[in-house]
Amino acid sequence: MHEGIWTTILGLFGLMTIAVLILPLARRYKFPYTVLLAVLGIVLGLLIDATRGAHLGPVSDLFHSFESFNLTSEIIIFVFLPALVFESSLSIDVRKLMADIRPILFLAVVGLLISAFMVGGAVYAVSGMGFVVCLLLGAILSATDPVAVVAIFKDLGAPKRLAILVEGESLFNDATAIVLFNILVAMLLGAADADLFGGALNFIKVFFGGIVVGFLMARLFAWIIGHVGGIALVEVTLTISLAYLSFLIAEHYLHVSGVMATVTAALVMGSIGRTSMSGGGWHLLSETWENLGFWANSLIFVLVGMAVPEIMTHFSRDMVLTLVVLLVTAFVARGVLTHAVLPALSKAHMAADVSLGFRTVMWWGGLRGAVSLALALAVFENDAFPEDVRNFVAALVCAFVLFTLFINATTVGTVMKAFGLDRLSPADLALRNRTIARALDDIGAQVHRVAAERRIPESVADTVARHYRERVEQIRAEERDGADLSEQDWLKIGLMATIGQERQGYFQQYSGGYVHSGIARELVAMTDELMDATKARGVEGYRDVCNYILGFNWRFRLSMRLQRRLGIAGPMSKRLANRMERLRTCQAVLTGVRRSGVDDIRALVGDAAADALCQMLDERLERTMSALSALRAQYPDYAAELQQRYLHQVALRRERADYNRLHDEAIIGAEIYANLQNELEEREAAMGRRPDLDLGLDPEAMVSRVPIFADLSAARIGAIARLLKSQLAIPGETICAKGEAGNSMYFVSSGAIAVHVEPDPVMLGSGDFFGELALLTGAPRTVDVVAETFSDLLILEKRDFDKLLDEHADLKATIERVAEERLKK
């Protein structure tokens with residue numbers, strides 16, 4: 001057997017085995033896993049040096065195999081970094097990230113530059129090295145490491161916003177550090193001149209170019225994933241390819257930031273991936289990337305630790321003062337950013353307020369790790385640098401990384417506790433207590449039932465049940481002594497719980513194949529808006545967003561303009577079809593939440609809050625059904641076609657579920673099951689895509705539906721249709737406003753129109769017309785005319801009015817008669 005192959009396999013899996021066995025130890029003693037990995041790596045590095053040349057049988061082979069892993073900057077950057085960055089970014093909530101994007105980007109870009117210059121200047125004053133070399137050191141050490149930060153914050157269970165602030169900054173500032181690093185390296189090696197303006201332009205190109213590359217590649221891969229037939233293994237494999245290809249294409253081929261490309265790709269995939277892939281695919285993706293992140297994290301910190309002994313041999317006594325100055329300046333610079341600049345941004349309303357506790361943890365939790373070491377190794381391995389520069393950068397970076405791992409990482413949990421960041425808020429604590437009390441009540445009741453089924457003596461069951469009753473009483477006593485939440489507080493908690501149920505319902509509708517991915521994405525975004533508004537403004541915010549959701553947004557109104565001004569009906573047809581599908585899905589999910597979800601919440605929030613919650617859900621359901629009914633009334637044939645299609649989908653899903661159950665229970669064999677699955681897939685494919693909606697705005701068809709034109713010949717109807725323009729009016733739209741100049745009159749082909757005259761509005765329907773008075777008299781509009789439902793209208797412009805009346809005497813007589821009657825009124 002070739003030695004290189006078996007030693008590599010032995011070293012890889014031997015190292016992996018040793019590394020993962022550290023995790024139970026870390027959890028048992030509640031010590032940061034990454035720190036223990038680094039310690040393990042250092043110990044292994046020392047043992048390898050100590051046993052080199054010794055004959056210890058398999059142990060020598062194992063240590064020899066470890067030596068075959070020569071950790072280089074390229075291995076860290078191209079092998080480990082894409083996986084670690086993608087896995088970390090995949091779990092970040094993009095909406096929460098965008099809420100704090102200004103302070104994150106400020107710290108990641110401007111803050112890093114400030115810190116790099118402060119550190120570089122201080123080191124330059126005491127080290128005797130050139131200023132650009134010192135600035136290079138400052139750039140390497142000013143970037144907090146996402147690998148270390150994310151791992152530590154996961155172990156500590158940091159508050160969500162704090163984790164996003166720190167993780168977001170650490171992910172973004174790597175790009176800044178790498179760009180600045182490359183510029184400074186080019187200057188040191190004579191490949192570029194010191195040009196501030198050129199450097200700034202290069203940074204903008206590299207940073208934002210990486211974002212563009214990551215976004216485009218993620219959208220492309222999301223589209224591909226949506227067309228692979230829901231095969232989970234293919235979907236997950238494509239995301240792994242996306243992580244590495246986005247990094248390599250950006251970094252190697254386009255010379256933009258690979259880190260930003262991978263971060264952006266992961267954020268996009270995390271945002272739209274769940275509504276692009278199958279339900280099984282998303283579940284497998286979460287588990288796969290958690291494993292990949294764990295493996296990469298375990299290996300990288302051990303390998304970094306193993307490299308430490310060799311690098312630290314270049315640390316000399318005359319570097320001690322430089323290291324002390326470096327540590328002090330780096331922490332002072334970060335303190336200036338977190339405790340002076342961030343509050344200033346908040347006071348200037350350029351960023352949301354960040355509490356003192358959060359800012360202190362951000363200051364102390366700015367760890368350095370694999371990324372800093374990778375950049376240092378890039379200098380250390382490059383013979384183009386003088387030897388004293390290589391040793392200077394590598395040794396100081398390594399010492400600084402060790403300090404943040406062994407000091408900061410092990411004490412950041414204590415800092416969090418000092419500010420109470422490890423404790424739940426009063427509302428969360430109250431909800432936790434009620435959740436536990438409810439669960440223990442159920443368990444206490446189940447103990448007696450299980451005991452009876454298993455013929456366990458009642459006295460034994462009473463002893464166990466008494467333990468749960470005592471816990472329930474203790475929790476309820478704590479609740480009485482704790483924070484007294486108002487009914488509005490409990491209603492707000494209940495609303496947020498139902499929004500969570502609603503969100504999950506939309507994912508289930510998508511996974512079941514009942515709703516298109518784009519619609520599911522819109523509905524999930526809607527629940528995010530509901531949650532944000534409810535958290536900020538309670539019931540009022542919830543109702544405001546509900547009103548906005550049922551309205552017509554700017555995209556819909558843009559499609560209306562395209563239809564009315566350019567005659568392009570496609571976008572509006574798609575918007576109306578999407579609205580019908582969205583309302584139908586919303587109605588189905590809300591009905592489920594109202595029927596069963598509120599009962600689960602009632603025990604947590606109390607009867608009063610649950611009753612108010614039911615009333616709000618009923619109101620929302622009623623309004624949703626009203627909006628859906630209006631669309632169905634306007635397009636009954638299309639609505640019936642969609643309902644029939646939906647019922648076919650339900651039947652297919654239930655048929656599939658029944659076959660799955662029979663197969664799982666071994667009632668049918670694998671051959672029969674495979675045959676049934678193939679048949680189902682063929683029937684699903686035969687259903688095809690959702691049918692297109694015909695708006696019914698063909699002028700000739702609309703003219704023929706108006707009673708005063710109905711008896712005309714086809715030729716005359718065609719001539720009249722050429723003078724008229726078709727238009728769809730939406731509910732609540734003002735067609736004519738009182739006081740405006742009248743340039744057209746309208747014929748109602750279908751729908752309901754309200755003419756707002758005193759004392760009560762007059763309702764117009766199919767066959768009626770309005771707006772003729774302004775054309776006959778030249779006077780401004782005298783009333784407001786508003787569409788009550790979706791209405792098909794035919795518009796006659798002023799320039800064609802006389803022509804039409806001259807050619808059709810009977811129509812002229814009818815219009816003039818109605819106009820005279822209206823004038824009298």
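Predicted, not measured: the structure shown is a model, and the values here were computed from it. For every chain, the first residue of its written sequence is number 1, and the numbers climb from 1 along that sequence. Restriction of local features to residues with pLDDT of at least 70 applies here, the model being predicted, together with a cutoff of 80 or more for giving and counting side-chain atom pairs; totals for whole chains, interfaces and linings are based on all residues. Heavy atoms throughout the structure, all of them, feed into the side-chain values; hydrogens and water do not.

**Observations concerning the sheet that holds strand β7 (residues 784–787)**
- Within the open sheet, the 4 strands sit side by side as β2-β7-β4-β5. Their pairing is antiparallel. In this open sheet, the two strands that pair with only one neighbour each are β2 (734–736) and β5 (762–764). Sheet twist, expressed as the mean angle between neighbouring strand axes with direction ignored, is 30 degrees.
- Strand pairing follows a simple DSSP-based rule, namely that at least 2 bridges must link the two strands. What counts as a helix is a DSSP run of H or I of at least four residues, what counts as a strand is a run of E of at least two, and both are numbered from the N terminus. Pairing geometry for β2 and β7, over 2 bridges, is antiparallel. When the bridges of β7 are listed, Cys 736 appears paired with Val 785. Here the axes come from fitting lines to C-alpha atoms, over the contacting stretch only for helices, and the angles between their N-to-C directions go from 0 to 180 degrees.

**Notes on the environment of Gly 210**
- With respect to the helices and strands, Gly 210 occurs in helix α11 (residues 196–225).
- The buried category is assigned to Gly 210, whose relative accessible area is 0%.
- Gly 210 sits 47 residues away from Ser 257 along the chain, and the two C-alpha atoms are 4.6 Å apart.
- The residues contacting Gly 210, other than those within four sequence positions of it, are Lys 205, Val 256, Ser 257, Met 260 and Ala 261. Between buried and exposed lies partly exposed: a residue is buried under 20% and exposed over 50% of the maximum accessible area for its type, with that area taken using a 1.4 Å probe on protein chains only. Throughout, a contact is declared for two residues whenever any of their heavy atoms are within 4.5 Å.

**With respect to the pattern of salt bridges**
- For this document, the term salt bridge refers to a Lys or Arg side-chain nitrogen within 4 Å of an Asp or Glu carboxyl oxygen. Inspection of every chain in the model, using the stated rule, returns 16 salt bridges.
- Where Arg 602 meets Asp 607, a salt bridge forms, and the shortest distance between an N and an O atom there is 3.4 Å.
- For Arg 602, a relative accessible area of 25% gives the class partly exposed.
- A salt bridge links Arg 602 to Asp 611; the shortest N-O distance between them is 3.1 Å.
- With a relative accessible area of 43%, Asp 611 lands in the partly exposed category.
- Through salt bridges with shared partners, a single ionic network connects Arg 537, Glu 540 and Asp 544.

**With respect to the sheet that holds strand β3 (residues 744–750)**
- Reading across from one edge, β1-β8-β3-β6 is the order of the 4 strands in this open sheet, with antiparallel pairing throughout. Every other strand in the sheet has two partners, leaving β1 (724–729) and β6 (769–770) as the edge strands with one partner each.
- Pairing of β1 with strand β8 (residues 791–797), which is carried by 6 bridges, proceeds in the antiparallel orientation. Within β8, the position partnered with Gln 727 by the bridge is Leu 793.

**Focus on the pairing of strand β4 (residues 753–756)**
- Alignment of β4 against β5, held across 3 bridges, turns out to be antiparallel. Counted as the bridge partner of Ile 753 is Leu 764 from β5.
- Count of turn residues in the β4/β5 antiparallel hairpin: 5 residues.
- Sheet topology note: the β4/β7 ladder contains 4 bridges and is antiparallel. Bridge pairing links Val 755 to Val 785 in β7.

**A closer look at a nonpolar patch on the surface**
- A contiguous nonpolar surface patch, about 560 Å² in accessible area, is contributed by Val 110, Ile 114, Met 118, Val 320, Val 324, Val 328, Val 332 and Val 336.
- Tracing the sequence through the fold places Val 328 in helix α15 (residues 320–347). To count toward a patch, a residue needs a relative accessible area over 30% and no salt bridge; like charges are then connected within 9 Å, while nonpolar side chains (Val, Leu, Ile, Met, Phe, Trp, Tyr) are connected within 5 Å. For every accessible area listed, the method is Shrake-Rupley and the probe measures 1.4 Å; residues are considered covered only by the protein chains on display.

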